[in-house]
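These are the residues of each chain, in order.
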Amino acid sequence: MEHMDDILTAISAVYAVVAMYGTGYILYRFAKPFMENKKGAACIGIAYFATMLILYFVPMEINTFAAYSLGILSAFVVMCRIDRRNYKQKTFIAATFFSLRWLSEYMTRIITDAVYNIKAVADAFYISDRQLAAKILIFGGVELLDIVIGFALLGISVRYIVRAYVYKREDMSIKEMFMLIVPSITGMTGYGILIQYQTISGMSWMEPIYGLYNGLAFLHFGISIITIVVMTVLFQNIKARQEEKLQNELLATQVDSIERHIGQVESLYRNIRGIRHDMTNHILTLERLYAGNNVEEATEYGEELKSALSRIAGEIKSGNPVTDVILQELKNEAEKRKIRFQSDFYFPTGTHINAFDVSVILNNALQNAMENIMRFPVENAGKSEAPYISVLSYHRNNAYMIEISNSFTGNLQWDEERGLPVTSKEKTEGRGYGQTHGYGQTHGYGLANIRMVARKYSGDIAIDLKDNEFRLSIMLMME
């Protein structure tokens, strides 16, 4: 009998270690998508597993709840050490995982208890003293079932939360943190009440109420897990609608800007028509000056006339009046800020590419480029080469390519879900480049709008950062 107890204890210890390792791995998979340091994320699961292993094998008077609390606390500390930002989000991860782990384990325990209470299993395990092999087989099988069901409940819950949580790199506010951990706290509170009631009432396995109690407990824990997952999904849906609203507002601002550019083009045409109307008089004036051998006056008059035409028509000729105005406006702004601006852009005439769509691309990309440079005035000022913005377009087979480059001395962080760089959302006031929106806000939504336009033409965008240069490439298919 003692020999059998030793075997069952050994089996129980092996399964306990496997359960600790598996739980640590699931915690690692839960936290990894939220971490900047993906390789360091493995330390989170290792810290949890090591803590639980020490507490399991080192004799000390500590209850199970306290032991698992220390395990998740050690994982939380490691999370904060390897990624020193967004601590409120890490609190959400730790609290949610702690609750899911307890709820799923107790649901699994109810299922395995029900298996042990099956008459055939109970007869073979509790009554027969001679069938050692049968007892070991039943015990090992039920323990394996316990681990499989527990991992399934915990793993599926975590997987749904990770998939639903889209904005993993965004800072979480205190209100958002409390809103998301309330379901976990509620579930754990219900768990504590039920366990306390079970302990105080001294329920035995044979009492009929035990089956009803287990059924209600199983239902409560299941609803608690579903509530935690659903709350996360709803929260992310709300965030997505907010992001969509802000993106639409930004796009509306771009539309207003383009309408303003179109108004400038109409004003340009009116001025050109006025110049053409007066051109006969200008020519007659020049003829009279030359006829009177007033060469110096004629030359000065011609220079003034050429300067007036240049001011009206602008220096940039891209093949489309709207893109001319956009590029000229950016060039003027760059010159005011001592930023070198170079344009080799032309509009693809004779294609189905719409001028409005190209204007959305240029507006967003050039505003981002200007904000990139303005964000690092100290670094740029210390360089021998002046900050610059470059716009280039060309054909490549059936593709129309636009490349916008600018000097850039910062660092990029990537939103893996959207495949776009993200930056801090620093709020500023006023108007103008770098002021209408926070840098990260315009940069994120601007690139999203550019990609949306590119995909409309079966294209996409690519981003490169090297040699202190940020380069955005946009491909539009012309057919």
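Before reading further, recall that the structure is shown in the block above.
Keep in mind it's a predicted model, so treat the numbers as computed, not measured.

With reference to specific residues and values, describe a nonpolar patch on the surface.
A contiguous nonpolar patch, built from Ile54, Val58, Met60, Ile62, Leu70, Leu73 and Val77 and spanning about 560 Å² of accessible area, is present on the exposed surface. By residue number, the principal contributor to the nonpolar patch is helix H3 (residues 64–82), which donates three residues. Locating Val58 in the fold gives a position in the loop between helix H2 (42–57) and H3.

Could you give an account of the packing of H2 against H3, with specific residues and numbers?
Across the interface, H2 lies against H3 with an axial gap of 8 Å and an inter-helix angle of 150°. Judged on the interaxial angle alone, H3 and H2 are roughly antiparallel. Regarding H2 and H3, the two cross each other, and that crossing is right-handed. For the pair H2 and H3, contact is made by Cys43, Ile44, Ala47, Tyr48, Thr51, Met52 and Leu55 and by Ala67, Tyr68, Leu70, Gly71, Ile72, Ser74, Ala75, Val78, Met79 and Ile82, respectively. Classifying every residue of the contact of H2 with H3 by side-chain character gives 14 nonpolar, three polar and no charged.

I'd like a description of the sheet that holds strand E7 (residues 469–477), backed by residues and values.
As summarised here, the arrangement of the five strands in space is E1-E2-E3-E7-E6, forming an open sheet in which the pairing is mixed. Because the sheet does not close on itself, it has two edges, and the strands there are strand E1 (340–344) and strand E6 (460–466). The mean angle between the axes of side-by-side strands here comes to 15°, regardless of whether they run parallel or antiparallel. For strand E2 (residues 388–396) and strand E3 (residues 399–407), the ladder comprises eight bridges, and the chain directions are antiparallel. Each residue of the ladder has a partner; that of Leu392, found in E3, is Glu403. Packing of helix H10 (residues 321–336) onto the sheet brings it into contact with E1 and E2, and relative to E1 it is tilted by some 160°.

Talk me through the layout of surface pockets; I want residue IDs and the actual numbers.
The computed volume of the largest pocket comes to approximately 970 Å³. In this structure, the largest pocket is lined by 34 residues; those nearest its centre are Ala16, Tyr68, Arg101, Glu105 and Asp146. When its residues are assigned to classes, the lining of the largest pocket shows 20 nonpolar, eight polar and six charged.

What counts and how
- Residues numbered from 1 in each chain as written.
- Predicted model: local features only at pLDDT ≥ 70, side-chain atom pairs only at ≥ 80, totals over all residues.
- Heavy atoms only, no water.
- Patch = residues over 30% accessible without salt bridge, like charges linked within 9 Å, V, L, I, M, F, W, Y side chains within 5 Å.
- Areas by Shrake-Rupley, 256 points an atom, 1.4 Å probe, with all protein chains shown as cover.
- Salt bridge = Lys/Arg side-chain N within 4 Å of Asp/Glu carboxyl O.
- Helix = DSSP H or I, 4+ residues; strand = E, 2+ residues; numbered from the N terminus.
- Axes fitted to C-alpha atoms, helices over the stretch in contact; angles between N-to-C directions.
- Parallel < 35°, antiparallel > 145°, perpendicular 65-115°, else oblique.
- Left-handed = near helix turned anticlockwise from the far one by under 90°.
- Contact = heavy atoms within 4.5 Å.
- Nonpolar A, V, L, I, M, F, W, Y, C, P; charged D, E, K, R; others polar.
- Pairing = 2+ DSSP bridges.
- 1 Å grid on protein atoms, 1.4 Å probe; cavity = no way out; pocket = protein on both sides within 12 Å on 5 of 7 lines; lining within 4 Å.
- Points joined across faces, edges and corners; volume = space filled by probe spheres on them.

The values are spatial; any link to function lies outside them.
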